[in-house]
Amino acid sequence: MKNGKLIVISSGNNEVFDFAIPVGVGLINSAINLTRICLFDKPDFLIFVGTAGSYGRKKIFDIIESKSASNIENCFVEKKCYTPLDNVISFAKDVSRETIVNSSNYITTDEEKAKKYLKLNIEIENMEFYSIMSVAKEFEIPTFGIFTVTNYCHKEAHKEYLSNIKKAKELLIEYLTQKNIIKEIDG
């Protein structure tokens, strides 16, 4: 990454960092704002940082790096809808070794549906990552995400997120500092 311009982005709202540009919450706002960035100040590399909900295997406060995102809605795991679109994007050479991050404008609060995502080898969810990866793919910008798990996908997901967000952000900053990602931005 030393031979190009690196931009770190986050969603915003509760996930604001001094070193990251907030692009908006959800699939639409993040796509619009990241497209604007890419049109006027295109980076050579993108890192998206934020939080995620776990479908069950990843533990709270685990930190996950991923180059793979999906856009799968609950009706798909229930086999009650289909899409003609490619609903997985990856910059990874071997997706089978990746933690796939699912994105939707809705947070999963049903433990039984969460188990169905696990059967598809999808481990966590983050509202923005699929749109980030879609824009990055269009602009041919290598991208990955770094996430701290704040909650499990169950009926108390939002409450759990709110109680864990502060520590999750601290752990993410510590991780980015250890990986020299923050140093690369500041330097």
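Okay, so let's go over this structure.

### Some thoughts on the overall build of the protein chain
Summing up its helical and strand segments, the protein chain has 6 helices and 9 strands in all. Its C-alpha atoms give the protein chain a radius of gyration of 16 Å, near enough to 16 Å, the size a compact globule of 187 residues would have. Each of the three principal axes of the protein chain carries a C-alpha extent, and together these read 45 × 40 × 30 Å. The buried share of the protein chain, reckoned over its 187 residues, is 47%. Within the structure as shown, the protein chain displays about 10,100 Å² of accessible surface, and the carbon and sulfur contribution to it stands at 51%. Side-chain charges in the protein chain split into 24 positive and 25 negative, and the spacing between the mean points of these groups amounts to 3 Å.

### Here's the deal with the nonpolar core
Counting 25 residues, the largest nonpolar core has I9, L34, L46, I124, F129 and F147 as the members making the most contacts within it. Counting residues per element, the ones that place at least two in this core are β1 (6–10), α1 (26–41), β3 (45–54), α4 (129–138) and β9 (143–152). With 6 residues, the top contributor of residues to this core is α4. If we skip the residues at most four places from it in the chain, F129 touches F48, S66, S68, A69, V101, S103, F144, G145 and F147.

### Remarks on the environment of Y82
Mapped onto the fold, Y82 is located in the loop between α2 (74–77) and β6 (88–90). Expressed as a C-alpha distance, the spacing of Y82 and I72, which sit 10 residues apart in the sequence, is 9.6 Å.

### Describing the layout of surface pockets
In this structure, the largest pocket spans a volume of roughly 430 Å³. Lining the largest pocket are 24 residues; nearest its centre among them are E15, T51, I107, M127 and Y161. Mapped onto the lining of the largest pocket, the elements with two or more residues apiece are β3, β9 and α5 (157–178). Of the residues contributing to the lining of the largest pocket, the split by class is 7 nonpolar, 14 polar and 3 charged. Roughly 190 Å³ of internal volume is contained in the second largest pocket.

### A short note on α4
Judged by how many residues are buried, α4 sits mostly within the fold: 7 of 10 residues are covered. By the burial criterion, the buried members of α4 are F129, Y130, S131, I132, M133, V135 and A136.

### Describing the pairing of strand β8 (residues 122–125)
The side chains of a regular strand alternate, residue by residue, between the two faces of the sheet. In the sheet, β3 pairs with β8 via 2 bridges, with the strands oriented antiparallel. Residue pairing across strands places S54 opposite I124, the latter belonging to β8. Crossover connection from strand β7 (residues 100–102) via helix α3 (residues 111–119) to parallel β8: handedness right-handed.

### Section: the pattern of salt bridges
A complete count under the given rule lists 8 salt bridges for this structure. Residue E78 pairs with K113 through a salt bridge whose shortest N-O separation is 3.6 Å. In this pair, E78 sits in the loop between α2 and β6 while K113 sits in helix α3, placing the two residues 35 residues apart along the sequence. Note that K113 is salt-bridged to D110, the shortest N-O span being 3.7 Å.

### Here we look at the state of the cysteines
The final tally for this structure, using the stated rule, is 1 disulfide. Cysteine C153 shares no disulfide, and the gap to the nearest cysteine sulfur, in C75, comes to 17 Å. For C153, a relative accessible area of 2% corresponds to the buried category.

### Looking at the environment of A157
Turning to its location among the elements, A157 is positioned in helix α5. Separated by 50 residues in the primary sequence, A157 and I107 place their C-alpha atoms 8.1 Å from one another. A157 has contacts with I107, T108, T109, N151 and Y152, leaving out every residue within four places of it along the chain.

Basis of the calculations
- Residues numbered from 1 in each chain as written.
- Predicted model: local features only at pLDDT ≥ 70, side-chain atom pairs only at ≥ 80, totals over all residues.
- Heavy atoms only, no water.
- Helix = DSSP H or I, 4+ residues; strand = E, 2+ residues; numbered from the N terminus.
- Rg over C-alpha atoms; globule rule 2.2 N^0.38 Å.
- Buried < 20%, exposed > 50% of the residue type's maximum accessible area, 1.4 Å probe, protein only.
- Areas by Shrake-Rupley, 256 points an atom, 1.4 Å probe, with all protein chains shown as cover.
- Lys, Arg positive; Asp, Glu negative; His and termini not counted.
- Charge placed at Lys NZ, Arg CZ, Asp CG, Glu CD.
- Core = buried A, V, L, I, M, F, W, Y, C linked by side-chain atoms within 4.5 Å.
- Contact = heavy atoms within 4.5 Å.
- 1 Å grid on protein atoms, 1.4 Å probe; cavity = no way out; pocket = protein on both sides within 12 Å on 5 of 7 lines; lining within 4 Å.
- Points joined across faces, edges and corners; volume = space filled by probe spheres on them.
- Nonpolar A, V, L, I, M, F, W, Y, C, P; charged D, E, K, R; others polar.
- Pairing = 2+ DSSP bridges.
- Right-handed = clockwise from strand over helix to strand, strands pointing away.
- Salt bridge = Lys/Arg side-chain N within 4 Å of Asp/Glu carboxyl O.
- Disulfide = S-S within 2.5 Å.

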